[in-house]
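# Residue-level structural notes
Letter by letter, the chains look like this.
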Amino acid sequence: MGTQRLSASVELRPFRWADLPHIVSIWNTACLADGAPQPADPAALEVQWRARPGQAQHTVTAWLAGGIVGYCWAAPGESTAAGAVQALGSGRVLPSHRGQGVGAALVTAADAGLAATLPAGTPLMIERIVDVRLERDLRLLQAMGYTAVQRLVRMQIAFTPAGIRPPRTPEGVRLQPFSPADHAALYSACFGAQTDPRPYCSASQIACDVDGQVVGAAFAAAEDDAGQIRHVFIRAGYRREGLAGALVLATLRALHSAGFAGASAWLDELAQPGARALYEQAGMHLAEGTESRRRWRSGAG
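Summary of the structure given here. (Residues numbered from 1 in each chain as written. Predicted model: local features only at pLDDT ≥ 70, side-chain atom pairs only at ≥ 80, totals over all residues. Heavy atoms only, no water.)

### A look at the nonpolar core
- One finds Leu 12, Trp 49, Ala 62, Tyr 71, Leu 106 and Leu 124 to be the most contacted residues of the largest nonpolar core, which totals 43 residues.
- Among the elements that take part in this core, helix H3 (residues 102-116) stands out by supplying 8 residues, more than any other.
- Listed in part, the 22 residues of the second largest apolar core include Phe 159, Val 248, Leu 249 and Leu 252. (Core = buried A, V, L, I, M, F, W, Y, C linked by side-chain atoms within 4.5 Å. Buried < 20%, exposed > 50% of the residue type's maximum accessible area, 1.4 Å probe, protein only. Helix = DSSP H or I, 4+ residues; strand = E, 2+ residues; numbered from the N terminus.)

### Regarding the pairing of strand E4 (residues 67-79)
- Strand direction decides the pairing type here: strand E3 (residues 59-64) and E4, joined by 6 bridges, are antiparallel. Bridging from a neighbouring strand, Val 60 pairs with Cys 72 of E4.
- The loop that links E3 with its antiparallel partner E4 comprises 2 residues; one of these, Ala 65, has a positive phi angle of about 55°.
- As defined by bridge partners, E4 adjoins strand E5 (residues 85-93) across 8 bridges and the pair is classed as antiparallel. In the strand pairing of E5, Pro 76 is matched with Ala 87.
- The turn joining E4 and E5, which pair antiparallel and follow one another in sequence, is formed by 5 residues; a positive phi near 95° is taken by Gly 83. (Pairing = 2+ DSSP bridges.)

### Here's the deal with the layout of surface pockets
- Roughly 1,100 Å³ of internal volume is contained in the largest pocket.
- Trp 27, Ser 90, Gly 91, Arg 92 and Ile 129 are the residues nearest the centre of the largest pocket, which is lined by 46 residues in total.
- Mapped onto the lining of the largest pocket, the elements with two or more residues apiece are helix H1 (20-33), helix H2 (42-51), E4, E5, H3, strand E6 (123-131), helix H4 (135-143) and strand E13 (285-298).
- Per element, the largest residue contribution to the lining of the largest pocket is 6 residues, and it comes from E5.
- Partitioning the lining of the largest pocket into residue classes produces 24 nonpolar, 13 polar and 9 charged.
- Estimated volume of the second largest pocket: approximately 640 Å³.
- In this structure, the second largest pocket is lined by 22 residues; those nearest its centre are Val 232, Ile 234, Ala 244, Ala 275 and Leu 278.
- Taken together, the elements giving at least two residues each to the lining of the second largest pocket come down to strand E11 (226-234), helix H6 (243-257) and helix H7 (275-281).
- In terms of residue count, the dominant contributor to the lining of the second largest pocket is E11 (6 residues).
- The class makeup of the residues in the lining of the second largest pocket is 14 nonpolar, 4 polar and 4 charged. (1 Å grid on protein atoms, 1.4 Å probe; cavity = no way out; pocket = protein on both sides within 12 Å on 5 of 7 lines; lining within 4 Å. Points joined across faces, edges and corners; volume = space filled by probe spheres on them. Nonpolar A, V, L, I, M, F, W, Y, C, P; charged D, E, K, R; others polar.)

By themselves, these observations are geometric and do not establish any function.
Written out as C-alpha cells, the structure reads:
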C-alpha cells in the first residue's frame, strides 16, 4: 500500500524497518497504560518479526506530526485443507490518540492489504488475539465484524495462613483424595475414552455418592511452587447443586495443606460459561487472559 491520509493530520504508511524502535515504544507505552506490562526491546522484536513471513510486509503505521502513533499487522500463515488462508494480526495505538478512529483505520488497512495479495475469492480467516482487559479493543473488533471464538483466562490465588474455608457438599455426597496411581482410570471414567498422561498430585479430589460411585472429580497438578486445577468434572444428575464449587474448595485446601504457595486454573469462558464465577467464589481472581476473535473475508487480488 502507499501512503493514505486518514485525516487532515494523520497518515497511514507502509512499515519500514527504521520504524521498529518506535513500534516497540508504542507497544510498551500502551501495555503499561493498560495494566498489561509486556516489555519488548527492538532486538528481540526484530528477530520475532523476521521469523514470521510477511509480517513486516503487511504492517501499517499511523503518523501524526512526524511521529508514529499506532501500528497494525496481519501476517499470512498456513492454508487449510480446504484452501483457506489463515492469518494472525495485532497492533496498538498510543493511549493519547485513542478514540479518534486510528485503530479502526489501521485494522481496515492491514486486513485489506493482506486480502489484496491473495487471488480474488480466496477464503481468508484473520485472527486477532487481545488481552481480556482491553475492552476498548474488543469492542472495536466486534464492531468491525470479528467474532469471539475463545476467551482463555487464568485464575489464581495466593494462599495465606488463614487457609481456605471448608466446602459444603450436597446431601449424600462425600469428598476424598485419590491416589495419583489411579488417575488414568479415574480420568477415563470421567471423560470417556480420553486419557491424560500428565501426573496429578494427591491434592486431587473425587466426589462419591452413598453407593461409592464417582460423581465428580477435580484434577490438580504441581506447577513449580504452586498447584494448578486442570479439570473439574461433574456427572450429569449432580450438576447445579454446588458440587463443583465444593470440589474446587476441597482441592485448594489440599494444595494449601501440601505446602503450595498458591494455585491457578485455566479456563475458556466461552466454552465454560459460569466457570469463572465458580473460581471467584472460591477466592481466586483473574491473573491474565486473552480473547481470540476471527473474521472471514475473501482475497481481492
